[in-house]
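Read off the chains here:
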Amino acid sequence: MERSVPRVHSPSVRTVVWDIYSGNPQRVPRPSGLLFAIVISAAVPACAKPSSENIQLWKTTQKGPERLHDALADKTVAPRLRAEAAAALVDIGRADDAEALMAQIPAGERSEILKTLIPIDEVAMKDPSPDKSLAARDALFSIRGYATPEDQKQIDSALLPAIANDLRTGHLRNGRHSIEKVLTAIGPDSGAMLADVLGDPVPSYPLAAELLGKVGDESARNKGASALIARSQKEKAKDKDVSPSMWKSIGSIGGPVAIKFLEDKALGSNHDEAANAVRALGARRDPQVLPFALKVAGDPKADKLVRDEMFGVIEGIGGLEARKGLLAIISSDREELVRYRAFEVVISTSKAEGIVPALDAFPAGAAYKKVDVDDLLVRLIEKLGAAARPALIQALDSHAPLTRMTAVMALEQVGARADAPAVAKIAGDSTALKGFPTGETIGKEASRVAEALKKKT
């Protein structure tokens, strides 16, 4: 009798695919031939290939970032889809990855991608979510460096209105790229935009003014300054005073219009306005202001408060020309406190290099109280610490008695044991400074300090 052979039923494609995705542990016979090919084909999901639908799906899956990365990097993928992949990476917080990949893509391929990517980012900048719109703005700026001049104009025409709107609403946001960086890269058009913003009564005018002073050309700065000056006059008419932030903002813009306005106010009869104007002149540390600042600081007829504030402006600017002007004030001004103030600024801006020139500039025939020399000269030098030692050793050979005496007094505090011989060399100096206690000569002070230095370890 013929034995019957049990019939083995091959599983359906549906069953095999279900087992693959569900993780069903039951063993199923492996299909062969055509059926196996069909099974494998069905088991590989269609979502493995880049498409607009899949790119949106990948933003929500675990392996999505990797697939988006691969799609953007793959030159065989259509430029439109590569652009969508780049935007998707930004959307899921992988902007750095997208930016790094874009930098590696050949220029020709990248140009084709940008044709789609720029419009995508422009639309995304209007997203109601602040985080997403900011990320899109940063992404749009990131690709600006790769864009053609024509595409850059398109990008700028989207970036500038968005930033202007933030300024007008007072909600300016810095993302991966600072606003200053963006506006600087855009260039003159940024200045024109900021000047226009300042023409409106925006609450964020201090920031707009600061940015304009950094990125605007002279024409834009003059326009912005004129707008703020007009606004300040209205502010004064309403509130009787111009706010400190307005003064500072005008100073931050700088340029001929702002400087002329502030210089005129600095010389005006209103003491408060004059002081505020001087402080505003120092906001930018602009060398163009230096000649005026030195003139006022050295003018004995100028308001004392204004003169003192002007020294602060000079200190902020610094430089060789500032030091030359200060030395002239030290040598010629009749008021000793003004001379000491000028010395303070020289030391602040020139450090040890300014010690000897500044001390030598003091009038030889003037009287000097020891307490003033100690408080207003020596202590300022002491703040420089050991860095002042070489200059002080040099000062011991100066022709000016005040310079030699100050050097000896300062070396007692900042000098080292090795400085004792140099100080001892002038122990025979019998010069006495006018105003110092009777009998207290430079040599006597040097002898005492040299002994003290020898005891230092």
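None of the values given here were measured: they were computed from a predicted structure. (Residues numbered from 1 in each chain as written. Predicted model: local features only at pLDDT ≥ 70, side-chain atom pairs only at ≥ 80, totals over all residues. Heavy atoms only, no water.)

Asks: Now, about the packing of helix H5 (residues 79-91) against helix H7 (residues 107-124): what can you tell me, with residues and values included?
Replies: It is the contact of H5 with H7, at a shortest axis distance of 8 Å, that shows an interaxial angle of 55°. In terms of orientation, H5 lies oblique with respect to H7. Here the hand of the crossing between H5 and H7 comes out right-handed. On H7, the residues that touch Pro 79, Arg 80, Arg 82, Ala 83, Glu 84, Ala 86 and Ala 87 of H5 are Glu 109, Glu 112, Ile 113, Thr 116, Leu 117 and Ile 120. Among the residues forming the contact of H5 with H7, the class breakdown is seven nonpolar, one polar and five charged. (Axes fitted to C-alpha atoms, helices over the stretch in contact; angles between N-to-C directions. Helix = DSSP H or I, 4+ residues; strand = E, 2+ residues; numbered from the N terminus. Parallel < 35°, antiparallel > 145°, perpendicular 65-115°, else oblique. Left-handed = near helix turned anticlockwise from the far one by under 90°. Contact = heavy atoms within 4.5 Å. Nonpolar A, V, L, I, M, F, W, Y, C, P; charged D, E, K, R; others polar.)

Asks: Could you give an account of the environment of Glu 122, with specific residues and numbers?
Replies: Looking at where Glu 122 falls in the secondary structure, it is placed in helix H7. Spatially, the C-alpha atoms of Glu 122 and Leu 159 are 8.6 Å apart, while their sequence positions differ by 37 residues. Every residue in contact with Glu 122, bar those within four places of it in the chain, is listed here: Leu 140, Gln 154 and Ala 158.

Asks: Can you tell me about helix H9 (residues 149-169), naming the residues and giving the values?
Replies: With 21 residues, H9 extends 30 Å from end C-alpha to end C-alpha; this agrees with the ideal 30 Å at 1.5 Å per step. Asp 151, Ile 155, Asp 156, Ala 158, Leu 159, Leu 160, Ile 163, Ala 164, Asp 166 and Leu 167 are the residues of H9 that are buried. Buried positions along H9 lie against H7, helix H8 (130-142), helix H10 (179-186), helix H11 (188-198) and helix H12 (205-215). Residue Gly 170 follows H9 closely and has a positive phi angle near 80°. (Expected span 1.5 Å × (residues − 1). Buried < 20%, exposed > 50% of the residue type's maximum accessible area, 1.4 Å probe, protein only.)

Asks: Describe the packing of H9 against H11, naming the residues involved and giving the relevant values.
Replies: In contact at an axis separation of 10 Å, H9 and H11 are set at 30° when each is read in the N-to-C sense. With respect to H11, the axis of H9 lies roughly parallel. Between H9 and H11 the crossing geometry is right-handed. The residues of H11 that touch H9, namely those facing Leu 160, Ile 163, Ala 164, Leu 167 and Arg 168, are Asp 189, Ser 190, Met 193, Leu 194, Asp 196 and Val 197. A breakdown of the residues in the contact of H9 with H11 according to their chemical character gives seven nonpolar, one polar and three charged.

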